[in-house]
Amino acid sequence: MKAQLLTEETGPGGLALTEIPDLTPGPGQLLVDIKSCGVCFPDLLISAGKYQIRPPLPFIPGTEVAGVVREAPEGGQYGAGDKVLVTPMIGGFAEQILVVPEMLLPMPEGLTFDEGAALGINFQTAVFALKMRAQTAPGEVVGVLGAAGGIGVASILVAKAMGAKVVAIVHRTGADELLKSLGADHIVQLTDGWGEKLREFAPEGVDVMIDPSGGDVFDEALRQVAPDGRYVVVGFAAGGIPTVKLNRVLFRNIAIVGAAWGEYLRTHPNDNIPGLIHDEITEMIEAGLRPPVTATYSLADTAQALTDMAAGKILGKAVVQIAE
């Protein structure tokens, strides 16, 4: 089978398309034929050795898999021919993957494999952040920083599905049409005075601010949170880890909470939270939500996909198409 092997932790340039032996499942394992694999920020960090996990080299990156079960143990929940989503953390940029049942979720009806791969970490994180961590209520106003990125797109769609109003906050130009199509109620460009423009829509500020970016925008973003609001830290895609002036938190009764979905899974291995969140997402899909796929790449072009994401060239979500 073909796979993208990371041979050195130098970023996308460390990947090499390689022919390796087909996989053979061991006891309790399932063999899945991969159809599509999402491209996400953890893949980029893993390729550079900057993620929480650092598998020994060489290994196959890829964390958001949609595919079809080829072989499975008898009597299990999944059988040959089942369409599934896989949450492997690594191994997705390949034609096959070996998994255990706990790593599988049923692919919601009506989705393409590309859409299934686009669900992955971004939508799970968005539900975790908005529902579990921020406890967002219908009618509240949600601000989404980095709105044109993968987490941003998922957060807009999930917030709208939960009955919230959304302010999409974006630094890239050319994203307005995409953000409007997702249902954003108001779009704010990150230029001087952007907070004042946000207040035109939300005079008291936003009830929930979703921040996957960090960096220099943090101070002004915190000012735009309404009294009794929640500021949800999802990541630091902009590179900088900000510090907070606690007087703003104290006197406005603001809560700052973390939403590290991968770390939550690691520290709560026996919880059924992934299944419950997947059920929430499936209900949203049944009600009409569709994860948008805005760019596709071949397996051979995986490194280019990661490079384009790092350069901010991808609006929304990209997937690597492994097979027809």
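In this report, we go over the structure that sits alongside the text. (Residues numbered from 1 in each chain as written. Predicted model: local features only at pLDDT ≥ 70, side-chain atom pairs only at ≥ 80, totals over all residues. Heavy atoms only, no water.)

1. Comments concerning the packing of aromatic side chains
- Inspection of every chain in the model, using the stated rule, returns four aromatic pairs.
- Their ring planes at 55° and their centres at 5.0 Å tell us that F128 and Y264 sit as a pair that is tilted. With F128 in helix α2 (residues 113-133) and Y264 in helix α8 (residues 261-267), the pair connects residues that are 136 residues apart, well separated along the chain.
- For Y264, a relative accessible area of 17% gives the class buried.
- By way of ring pairs, the aromatic residues F128, W261 and Y264 are connected into one cluster. (Phe/Tyr/Trp six-rings, centres within 6.5 Å; stacked < 30°, edge-to-face > 60°. Helix = DSSP H or I, 4+ residues; strand = E, 2+ residues; numbered from the N terminus. Buried < 20%, exposed > 50% of the residue type's maximum accessible area, 1.4 Å probe, protein only.)

2. Digging into the sheet that holds strand β9 (residues 165-170)
- Strand order in the open sheet formed by six strands is β10-β9-β8-β11-β12-β13, with parallel pairing between adjacent strands. Of all the strands in the sheet, the pair left with one neighbour each is β10 (186-189) and β13 (255-258). For this sheet, the mean inter-axis angle between neighbouring strands, taken without regard to orientation, is 20°.
- Of the strand pairs in this sheet, strand β8 (residues 141-144) and strand β11 (residues 206-211) are connected by three bridges, and their pairing is parallel. Bridged to V142 within β11 is V208.
- On the sheet, helix α5 (residues 194-201) packs against β8, β9, β10 and β11 and is oriented at approximately 170° with respect to β10. (Pairing = 2+ DSSP bridges. Axes fitted to C-alpha atoms, helices over the stretch in contact; angles between N-to-C directions. Contact = heavy atoms within 4.5 Å.)

3. Considerations on the nonpolar core
- Core analysis: the biggest nonpolar cluster contains 53 residues, and L179 and V232 have the highest contact counts within it.
- A per-element tally of this core places α2 first, with 10 residues.
- Among all residues touching V232, those that are not within four sequence positions of it are A129, A134, V208, M209, I210, D211, V257 and A259. (Core = buried A, V, L, I, M, F, W, Y, C linked by side-chain atoms within 4.5 Å.)

4. A closer look at the pattern of salt bridges
- Considering all chains together, one arrives at 10 salt bridges under this definition.
- Here R54 makes a salt bridge to E9, at a shortest N to O gap of 2.4 Å. Taken together, the positions of R54 in the loop between α1 (41-47) and β4 (65-71) and E9 in the loop between β1 (2-6) and β2 (15-19) put the pair 45 residues apart, joining distant regions of the chain.
- The salt bridge partner of E64 is K317, with a shortest N-O separation of 2.6 Å. One end of the pair, E64, is in the loop between α1 and β4; the other, K317, is in the loop between α10 (302-310) and β15 (318-321), with 253 residues separating them in the sequence.
- Given a relative accessible area of 1%, E64 falls into the buried group.
- You can call K317 buried: its relative accessible area is 4%. (Salt bridge = Lys/Arg side-chain N within 4 Å of Asp/Glu carboxyl O.)

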